[in-house]
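Chain and residue survey
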Protein chains: 2
Amino acid sequence: MNAPTKPTTAVPLLHTTPGFETDGRSTCPIREVLDRVGDTWSILVIINLQEQPVRFNALKRAIEGISQRMLTVTLRSLERDGLVTRTVRPTTPPEVEYGLTELGQSLAVPIASLGGWAASNRDNMRQAREAFDLGT
Amino acid sequence: MNAPTKPTTAVPLLHTTPGFETDGRSTCPIREVLDRVGDTWSILVIINLQEQPVRFNALKRAIEGISQRMLTVTLRSLERDGLVTRTVRPTTPPEVEYGLTELGQSLAVPIASLGGWAASNRDNMRQAREAFDLGT
DNA sequence: CGGCATCCCTTCCGATACTG
DNA sequence: CAGTATCGGAAGGGATGCCG
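Residues numbered from 1 in each chain as written. Chains lettered and ligands numbered in written order. Predicted model: local features only at pLDDT ≥ 70, side-chain atom pairs only at ≥ 80, totals over all residues. Heavy atoms only, no water.

Secondary structure assignment for chain A yields five helices and three strands. Written out in order from the N terminus, the α and β elements of chain A read α-α-β-α-α-β-β-α. Burial analysis of chain A (136 residues in total) assigns 39% to the buried set. Carbon and sulfur atoms make up 55% of the accessible area of chain A, which amounts to about 7,500 Å² in all. (Helix = DSSP H or I, 4+ residues; strand = E, 2+ residues; numbered from the N terminus. Buried < 20%, exposed > 50% of the residue type's maximum accessible area, 1.4 Å probe, protein only. Areas by Shrake-Rupley, 256 points an atom, 1.4 Å probe, with all protein chains shown as cover.)

In structure tokens form, the structure reads like this:
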């Protein structure tokens, strides 16, 4: 989900190893998409933008636990991938609004269904975890 | 997605800060679920188990780029959360099969729809990225 | 208000070696 | 085959300070 970095020793994914790029197009699509929105905050940002455009600090308040730095980084990344738009209104102080692109809206649909699952099943997961942890 | 660790200085999430636990139950469900399944490999493992149970090394071969260590860690985590079952057949050499629980199957549904989005839209994301990177 | 730059500690995770 | 243990580098990300 970050800007291009140059690997020094460790290469994250096998298929990005020099000479093993598999022609640069045949990577698993899910892997590729998760590499961009599968981080800690992207999904939450998208969910919070689904209803209407939101300003930077409002977004920051809405997403519990996110730091200013990570919100900025996450928004830039989503903007780069064509999922989020950034609109500056040159007032003083400036207002910056973030919203979803059409692509972003389309991604918000499966994400919302994941959110629905989360809301319905988190208790099941908690109970399973407790049971497992008791088992040893 | 990891076993319980004791934070030393930095606390990952605000709402886990001592005195700010929000009673230990009111955390955003999506955040909570993503903390367990939102890592690099869990989603891919679940997708690969959706059809039928798969043995350890078969799974390793199926998931491009995963290391043995991360496959083990990921499977343990999913098992702990009640999403995956582990079945040992005491032959020599031993055969260990992993499969989805009912809970895991139910999670596989929204995950599959995310996968469908990924397959349909990765080219859009690539193009958006190229355009953005040209823009500066 | 909405950022960016730097510092620096923490966590992740691949590589490697060893076991039942 | 299916793991576990350990190590060390790389990456993640909070805190802080400065800016238009």
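Further remarks concern the environment of Thr-27 of chain A. Residue position: Thr-27 of chain A is located in the segment before helix H1 (29–37). Expressed as a C-alpha distance, the spacing of Thr-27 of chain A and Arg-126 of chain A, which sit 99 residues apart in the sequence, is 34 Å.

What follows is about the packing of helix H2 (residues 42–49) of chain A against helix H1 (residues 29–37) of chain B. Between H2 of chain A and H1 of chain B, the least distance of the axes is 10 Å, while the angle of their chain directions is 155°. In terms of axis orientation, H2 of chain A runs roughly antiparallel to H1 of chain B. Between H2 of chain A and H1 of chain B lies a crossing of right-handed hand. Of the residues in H1 of chain B, those touching H2 of chain A at Ile-43, Leu-44 and Ile-47 of chain A are Ile-30, Arg-31 and Leu-34 of chain B. Looking at the contact of H2 of chain A with H1 of chain B residue by residue, the classes come out as five nonpolar, no polar and one charged. (Axes fitted to C-alpha atoms, helices over the stretch in contact; angles between N-to-C directions. Parallel < 35°, antiparallel > 145°, perpendicular 65-115°, else oblique. Left-handed = near helix turned anticlockwise from the far one by under 90°. Contact = heavy atoms within 4.5 Å. Nonpolar A, V, L, I, M, F, W, Y, C, P; charged D, E, K, R; others polar.)

Let us look at the UniProt feature "domain: HTH hxlR-type" (unreviewed entry) in chain A. As annotated in UniProt, the feature "domain: HTH hxlR-type" (unreviewed entry) corresponds to residues 28–126 of chain A in the numbering used here. Between the end C-alpha atoms of residues 28–126 of chain A there is a gap of 31 Å, over a span that is 63% helix and 14% strand. (UniProt positions renumbered as here; feature names shortened; annotations may be inferred.)

The next point concerns the packing of helix H5 (residues 102–134) of chain A against helix H5 (residues 102–135) of chain B. Running from amino to carboxyl end, H5 of chain A crosses H5 of chain B at an angle of 165°, the nearest separation of the two axes being 10 Å. Here H5 of chain A is positioned roughly antiparallel relative to H5 of chain B, judged by the angle of their axes. The two elements H5 of chain A and H5 of chain B cross, and the hand of that crossing is left-handed. Only Leu-103, Ser-106, Leu-107, Pro-110, Ile-111, Ser-113, Leu-114, Trp-117, Asn-121, Asn-124 and Met-125 of chain B of H5 of chain B make contact with H5 of chain A, whose side of the interface consists of Leu-103, Ser-106, Leu-107, Pro-110, Ile-111, Ser-113, Leu-114, Trp-117, Asn-121, Asn-124 and Met-125 of chain A. Taken together, the residues of the contact of H5 of chain A with H5 of chain B sort by class into 14 nonpolar, eight polar and no charged.

So, on to the pairing of strand E2 (residues 84–89) of chain B. All names here are of chain B. By the bridge criterion, six bridges tie E2 to strand E3 (residues 95–100) in an arrangement that is antiparallel. The partner of Val-88 across the bridge, within E3, is Val-96. Between the antiparallel neighbours E2 and E3 lie five residues. (Pairing = 2+ DSSP bridges.)

A few words now on the relation of the copies chain A and chain B. Both copies of the chain are related through a single rotation about an axis accompanied by a shift along the same axis. For the match of chain A to chain B, the screw axis carries a shift of 0.0 Å, the RMSD comes to 0.1 Å, and the turn is 180°. Taken together, the rotation and translation relating the two chain copies correspond to the operation of a two-fold axis. A share of 100% of interface residues in chain A that are also interface residues in chain B marks the association as one of identical surfaces. (Least-squares fit on C-alpha atoms with pLDDT ≥ 70 in both.)

Time to look at unusual backbone geometry. The linkage connecting Thr-92 of chain A with the following residue, Pro-93 of chain A, adopts the cis geometry, with an omega of 0°. Mapped onto the elements of the fold, Pro-93 of chain A is located in the loop between strand E2 (84–89) and strand E3 (95–100).

Turning next to the interface of chain A and chain B. Taken residue by residue, the interface counts 49 residues in chain A and 50 residues in chain B. Across the contact surface, chain A and chain B share eight salt bridges. Across the salt bridge formed by Arg-129 of chain A and Asp-81 of chain B, the nearest N and O atoms sit 2.9 Å from each other. Listing elements by their share of the side of chain A that touches chain B, those giving two or more residues are H1, H2, helix H4 (68–80) and H5 of chain A. The dominant element in the side of chain A that touches chain B, judged by the number of residues it contributes, is H5 of chain A, at 21 residues. (Salt bridge = Lys/Arg side-chain N within 4 Å of Asp/Glu carboxyl O.)

Okay, the protein's contact with DNA strand C next. Lining the immediate environment of DNA strand C, one finds 19 residues, of which Thr-72, Arg-86 and Tyr-98 of chain A together with Ser-67 and Arg-69 of chain B sit closest. Across the atoms of DNA strand C situated within 4 Å of the protein, the share located in sugar and phosphate is 70%. Between DNA strand C and Arg-55 of chain A there is a distance of 3.1 Å, counted from a phosphate oxygen to a side-chain nitrogen or oxygen. Note that a base nitrogen of DNA strand C is positioned 3.2 Å from one of the side-chain N or O atoms of Arg-69 of chain B. Sorting the residues of the surface near DNA strand C by element identifies helix H3 (56–62), H4 and E3 of chain A together with helix H4 (68–80) of chain B as the ones contributing at least two each. Broken down by element, the residue count for the surface near DNA strand C peaks at three residues, all from H4 of chain A. Of the residues contributing to the surface near DNA strand C, the split by class is seven nonpolar, eight polar and four charged. (Near = heavy atom within 4 Å. Polar contact = N/O pair within 3.5 Å; in protein donor to acceptor, adjacent residues only side chain to side chain.)

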